[in-house]
Amino acid sequence: MTVVRTPAEFLDMPDEYQDMAKRQMLIHTEGELSGADDYIRVFYPLAPNAEERQVCCERAAEEFNHFKVASAVLADLGVDTTYMGTQSLEERRKLFLSADFHNSTTWAERGVVSWLIEDAVMELLKEMAVSSYRPWADSFRTVIQDERVHIAHGARIVRGLVKDPDGKKQVQAAVDRLWPHSLAVFGNPEAKKAEIAVRWGLRTRTNAEARHDWEVRGGAKVRKLGLTVPS
């Protein structure tokens, strides 16, 4: 089993390992900053009251902190990510999901993003938390704790909305639009790079395996609230 404990050991690893690990780290790092933008630029204006706006600010600050944690790991490998901090959300849409993902227009969509999409992301965070590159794995301790809170808050928003017929319709519309984006979190199911990542211990499952596992669990969450999973 591959175990890489220090940046020096990392830089002695084969190029295949280094390239795969760095790409994984860059995708995650970019995604954290884009998550912060979502909370401030997209969700904040949709918030129905001051309390929810405060939550959006708090979540954005946590996402920024996740970015800083990931950036520090990359910096130890000689990879500079400071340029990401000055990019707009539009400029940063190169590695993490599509532009449509960042275009929520209803409070129901805000809830579903955290309830489903951040939950899908959690599937991958848990894999990276046992990465063969130990400094990267160790960086996820607080990140995962924060993300659990994000998911739970999204669930509370969704549960509150589905209590009345109109709210339930809004949530169903949000699920219909965002479900494909939840699955897109896992990348191309046929990607061979994921198999390489598994072989090096950078992942524990292929894209197809991780997607299937979450699709079963995510679908169960949706149906539990009397909603329909898009076909």
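Everything below is about the structure shown above.
Once a new chain begins, its residue numbering starts again from 1 and follows that chain's sequence as written. The predicted nature of this model means local features are confined to residues of pLDDT at least 70 and side-chain atom pairs, given and counted, to a pLDDT of 80 or more, with totals for whole chains, interfaces and linings taken over all residues. Hydrogens are left out, water is left out, and the side-chain values use all remaining heavy atoms of the structure.

1. Focus: the overall build of the protein
Here is step 1 of the chain: Secondary structure counts use DSSP, requiring at least four H or I residues in a row for a helix and at least two E residues in a row for a strand, with both numbered from the N terminus. When you go through the protein residue by residue, the secondary structure sums to 9 helices and 0 strands.
Here is step 2 of the chain: Along its sequence from the N terminus, the protein presents helices and strands in the succession α-α-α-α-α-α-α-α-α.
Here is step 3 of the chain: By its C-alpha atoms, the protein is 60 × 35 × 30 Å across when sized along the principal axes.
Here is step 4 of the chain: Throughout, exposure labels follow a simple rule: accessible area from a 1.4 Å probe, protein chains only, divided by the maximum for the residue type, with under 20% read as buried, over 50% as exposed, and the rest as partly exposed. Here the protein holds 231 residues, and 51% of them are scored as buried.
Here is step 5 of the chain: For the protein, restricting intrachain contacts to residue pairs at least 6 apart in sequence, the fraction spanning at least 24 positions comes to 75%.
Here is step 6 of the chain: For accessible areas, the Shrake-Rupley method is used with a probe of radius 1.4 Å. Any residue's cover is judged against the shown protein chains and nothing else. Counting every atom, the protein has about 10,900 Å² of accessible surface; 54% of that belongs to carbon and sulfur.
Here is step 7 of the chain: Only four residue types enter the tally: Lys and Arg on the positive side, Asp and Glu on the negative side, with His and both chain ends excluded. Think of each charge as sitting on NZ of Lys, CZ of Arg, CG of Asp or CD of Glu. The distance from the centre of the 31 positive side-chain charges to the centre of the 35 negative ones in the protein is 4 Å. The contact criterion used throughout is that any non-hydrogen atoms of two residues lie within 4.5 Å.

2. Brief notes about the packing of helix H3 (residues 50-75) against helix H6 (residues 141-161)
Here is step 1 of the chain: Only the contacting stretch of a helix is used when fitting its axis, a line to C-alpha atoms as for every element, and angles between N-to-C directions run 0 to 180 degrees. For the pair H3 and H6, the least separation of the axes is 11 Å and the interaxial angle reads 155°. Between H3 and H6, the crossing angle belongs to the class labelled roughly antiparallel. As H3 packs across H6, the resulting crossing turns out to be left-handed. Along the contact surface, H3 presents Glu-52, Val-55, Arg-59, Glu-62, Glu-63 and His-66, while H6 presents Val-143, Asp-146, Glu-147, Val-149, His-150, His-153 and Ile-157. Throughout, the term roughly parallel applies to angles under 35 degrees, roughly antiparallel to angles over 145, roughly perpendicular to angles from 65 to 115, and oblique to all others. In this scheme, a crossing is called left-handed if the near helix is turned counterclockwise away from the far one by less than a right angle; it is called right-handed if the turn is clockwise.

3. Thoughts on helix H9 (residues 207-224)
Here is step 1 of the chain: A rise of 1.5 Å per residue sets the reference length of H9, with its 18 residues, at 26 Å; its end C-alpha atoms lie 26 Å apart and thus fit the reference within 8%.
Here is step 2 of the chain: Looking at the buried side of H9, the elements it contacts are helix H4 (107-128), H6, helix H7 (165-184) and helix H8 (193-199).
Here is step 3 of the chain: Once H9 ends, the next one or two residues include Gly-226, with phi positive near 75°. Multiplying one less than the number of residues by 1.5 Å gives the expected span of a helix.

4. A few points about H3
Here is step 1 of the chain: Taking 1.5 Å per residue as the helical rise, H3 with its 26 residues ought to reach 38 Å, and the 37 Å between its terminal C-alpha atoms agrees with that figure.
Here is step 2 of the chain: For H3, every residue scored as buried is listed here: Glu-52, Val-55, Cys-56, Arg-59, Ala-60, Glu-63, His-66, Phe-67, Ala-70, Ser-71, Val-73 and Leu-74.
Here is step 3 of the chain: Buried positions along H3 lie against helix H2 (15-43), H4, helix H5 (134-138) and H6.
Here is step 4 of the chain: A distance of 3.2 Å separates the backbone nitrogen of Glu-51 from a side-chain oxygen at the start of H3, and that oxygen is part of Asn-49. N or O atoms closer than or at 3.5 Å make up a polar contact, with two conditions inside protein: a donor-capable atom paired with an acceptor-capable one, and, for residues adjacent in sequence, both atoms drawn from side chains.

5. Quick notes on the pattern of salt bridges
Here is step 1 of the chain: A carboxyl oxygen of Asp or Glu within 4 Å of a side-chain nitrogen of Lys or Arg is what we treat as a salt bridge. Overall, the coordinates contain 13 salt bridges when judged by the stated rule.
Here is step 2 of the chain: The partner of Glu-62 in a salt bridge is Arg-59, with the nearest N and O atoms 3.8 Å apart. With Glu-62 and Arg-59 both in helix H3 and 3 residues apart, this pair spans about one turn of that helix.
Here is step 3 of the chain: On the basis of relative accessible area, Glu-62 is assigned to the partly exposed category, the value being 22%.
Here is step 4 of the chain: When salt bridges that share partners are traced, they join Asp-119, Glu-123, Lys-126, Glu-127, Arg-203, Arg-205, Asp-213, Arg-217 and Lys-221 into one network.

6. Here's the deal with the nonpolar core
Here is step 1 of the chain: Within the largest apolar cluster, 58 residues are counted, with the highest numbers of intra-cluster contacts made by Tyr-17, Met-25, Val-112, Trp-115, Tyr-133 and Val-171.
Here is step 2 of the chain: Mapped onto this core, the elements with two or more residues apiece are H2, H3, H4, H6, H7 and H9.
Here is step 3 of the chain: Per-element tally for this core: the top contributor is H4, with 13 residues.
Here is step 4 of the chain: Beyond its immediate sequence surroundings of up to four residues, Val-171 is in contact with Ala-108, Val-112, Val-158, Leu-161, Val-162 and Leu-227. For the purposes of this section, nonpolar cores are sets of buried Ala, Val, Leu, Ile, Met, Phe, Trp, Tyr and Cys residues that join through side-chain atoms within 4.5 Å.

7. Quick look at the side chain of His-150
Here is step 1 of the chain: Looking at the secondary structure, you find His-150 in helix H6.
Here is step 2 of the chain: The class for His-150 is buried, based on a relative accessible area of 0%.
Here is step 3 of the chain: Among the polar contacts listed, one links the side chain of His-150 to the side chain of Glu-62, at a separation of 2.5 Å.
Here is step 4 of the chain: Those residues within four positions of His-150 in sequence are excluded, and the remaining contacts are Tyr-39, Arg-59, Glu-62, Glu-63, Ser-114 and Glu-118.

8. Notes on the packing of H2 against H4
Here is step 1 of the chain: With their axes 13 Å apart at the nearest point, H2 and H4 run at an angle of 165° to one another. Judged by the angle between their axes, H2 and H4 are roughly antiparallel. Between H2 and H4 lies a crossing whose hand is left-handed. Where H2 abuts H4, its residues Gln-24, His-28, Tyr-39 and Phe-43 lie against Trp-107, Arg-110, Val-113, Ser-114, Glu-118, Leu-125 and Met-128.
Here is step 2 of the chain: Gly is placed with the polar residues, together with every amino acid not listed as nonpolar (Ala, Val, Leu, Ile, Met, Phe, Trp, Tyr, Cys and Pro) or charged (Asp, Glu, Lys and Arg). The residue inventory of the contact of H2 with H4, partitioned by class, reads 6 nonpolar, 3 polar and 2 charged.

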